[in-house]
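# Coordinates in review
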Amino acid sequence: MDRKGIIIVVSGFSGVGKGTLMKELVARYDRYALSISATTRDPRPGEVNGREYFFLTNDEFENLIRENGLIEHAGYVNHYYGTPRKFVEEQLDKGRDVILEIEIQGALQIKEQYPDAVLLFVMPPSASELKTRLEGRGTETEQVIAQRLNRAREESVGIENYDYIVINDDLDECVTRVDEIIRSAHNTPSRNLDYINEIRNELNEL
Ligand code: 5GP
């Protein structure tokens, strides 16, 4: 039976640590490929073009949208973010699971286009812990932190659209739980229709 790649959408409030979580997941298991998004926001100290993001101008981003080069895109705190199509499709064809670390508007666009996608929402242990983590990052102004907390309040209303939540308290445990969820998702009938039909046909020929 061929293993088909599926899209794993990972969302979570800004500051919840989903970036670290996903980096750890792809480092630990080589069946996962992490998609690199395009954005119009400025790089943070230490971020490298082509590693954390493809940092684009507004014009470059709008060209990509026009050329159908993104499978989804959204606006987030005054900037564009989007997922390049080519990498995702290549990896899925190779049977690898592709991780998209994106916000909720993008997640819903993915679910429409790829009904097999698994939508995961990373939760903080508590709201005050989230605020502490955002402040501790030390790379954002007070105003941006306030905007991101506001956005978290808005996003918290949409969590019911996701398939699973995971709580990011202990990094190692959380990585294990995410891997278990993805493995289980591969075993649902709806994600194995070709195989099920093959067995049905063989049964009919016995
Ligand atoms: P940050 O600026 O903190 O790196 O990301 C801000 C938000 O944008 C996060 O919620 C992140 O998940 C989301 N994001 C990153 N890349 C994409 C993308 O390609 N598409 C969408 N829709 N959201 C993204």
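Here the structure is a predicted model, which means the values were calculated and not measured. (Residues numbered from 1 in each chain as written. Predicted model: local features only at pLDDT ≥ 70, side-chain atom pairs only at ≥ 80, totals over all residues. Heavy atoms only, no water.)

### Considering the overall build of the protein chain
From N to C terminus, the protein chain includes eight helices and nine strands. Taking 206 residues into account, the globule formula puts the C-alpha radius of gyration at 17 Å, and the protein chain, at 18 Å, falls close to it. Based on the C-alpha atoms only, the size of the protein chain along its principal axes is roughly 70 × 40 × 30 Å. Counting over 206 residues, the protein chain shows a buried share of 42%. Pairs at least 24 residues apart make up 69% of the contacts formed inside the protein chain by residues separated by at least 6 positions. If you sum the accessible surface of the protein chain, you get close to 11,500 Å²; carbon and sulfur atoms cover 49% of it. Of the side-chain charges in the protein chain, 25 are positive and 37 negative, and the distance between the mean point of each set is 2 Å. (Helix = DSSP H or I, 4+ residues; strand = E, 2+ residues; numbered from the N terminus. Rg over C-alpha atoms; globule rule 2.2 N^0.38 Å. Buried < 20%, exposed > 50% of the residue type's maximum accessible area, 1.4 Å probe, protein only. Contact = heavy atoms within 4.5 Å. Areas by Shrake-Rupley, 256 points an atom, 1.4 Å probe, with all protein chains shown as cover. Lys, Arg positive; Asp, Glu negative; His and termini not counted. Charge placed at Lys NZ, Arg CZ, Asp CG, Glu CD.)

### A word on the site of the ligand
Around the ligand lies a shell of 16 residues, among which S37, R41, Y53, Y81 and E103 are the nearest. In the complex, 96% of the free accessible area of the ligand, which totals 520 Å², lies under the protein chains. Across the shell around the ligand, the residue classes tally to five nonpolar, four polar and seven charged. (Near = heavy atom within 4 Å. Nonpolar A, V, L, I, M, F, W, Y, C, P; charged D, E, K, R; others polar.)

### Re the packing of aromatic side chains
In this structure the tally under the stated criterion is seven aromatic pairs. With centroids separated by 5.1 Å and ring planes inclined at 80°, the aromatic side chains of F121 and Y162 adopt a geometry described as edge-to-face. Taken together, the positions of F121 in strand β8 (residues 118-123) and Y162 in the loop between α6 (142-155) and β9 (164-167) put the pair 41 residues apart, joining distant regions of the chain. Ring-pair connections join several aromatic residues into one group, and the members of that group are Y53, F55, Y76 and Y81. (Phe/Tyr/Trp six-rings, centres within 6.5 Å; stacked < 30°, edge-to-face > 60°.)

### Re the pattern of salt bridges
The tally for this structure, following the rule as stated, stands at 16 salt bridges. Among the ionic pairs, K86 bridges to E90, the shortest N-O distance being 3.3 Å. Taken together, the residues K86 and E90, both in helix α3 (residues 85-93) and four residues apart, mark about one turn of the helix. Residue class for E90 comes out partly exposed when judged on its relative accessible area of 35%. For the salt bridge of D179 with R183, the shortest nitrogen-to-oxygen distance reads 2.8 Å. Pair noted here: D179 and R183 are both in helix α7 (residues 171-185), with a separation of four residues, about one helical turn. Among the residues examined, D179 registers a relative accessible area of 4% and is labelled buried. (Salt bridge = Lys/Arg side-chain N within 4 Å of Asp/Glu carboxyl O.)

### Some thoughts on the layout of surface pockets
Considering only enclosed or pocket space, the largest pocket measures out at about 1,000 Å³ in volume. Of all the secondary-structure elements, those providing two or more residues to the lining of the largest pocket are α1 (18-28), β5 (70-76), β6 (79-84), α5 (127-136) and α6. Looking at which element gives the most residues to the lining of the largest pocket, the answer is α1, with five residues. (1 Å grid on protein atoms, 1.4 Å probe; cavity = no way out; pocket = protein on both sides within 12 Å on 5 of 7 lines; lining within 4 Å. Points joined across faces, edges and corners; volume = space filled by probe spheres on them.)

### Looking at α3
Within α3, the full set of buried residues consists of R85, V88, Q91 and L92. For α3, the buried positions fall inside an angular range of 150° around the axis, keeping them on one side. Across from the buried face of α3, at angles greater than 90 degrees, the exposed residues are K86 and D93. Looking at the packing, one finds that the buried side of α3 touches β1 (7-12), β2 (32-34), β5, β6 and β7 (97-101). Downstream of α3 by one or two residues, G95 has phi in the positive range, about 85°. (Arc of directions from axis to C-beta.)

### Quick word on the pairing of β8
The buried fraction of β8 amounts to five of the six residues, a majority that puts the element mostly inside the structure. Bridge count for β1 against β8 is five bridges, and the pairing is parallel. Opposite S11, over in β8, you have F121 as the bridge partner. In terms of strand pairing, β8 meets β9 through four bridges, oriented parallel. Following the sheet pairing, V122 is matched in β9 by V166. (Pairing = 2+ DSSP bridges.)

Structural measurements only, silent on function.
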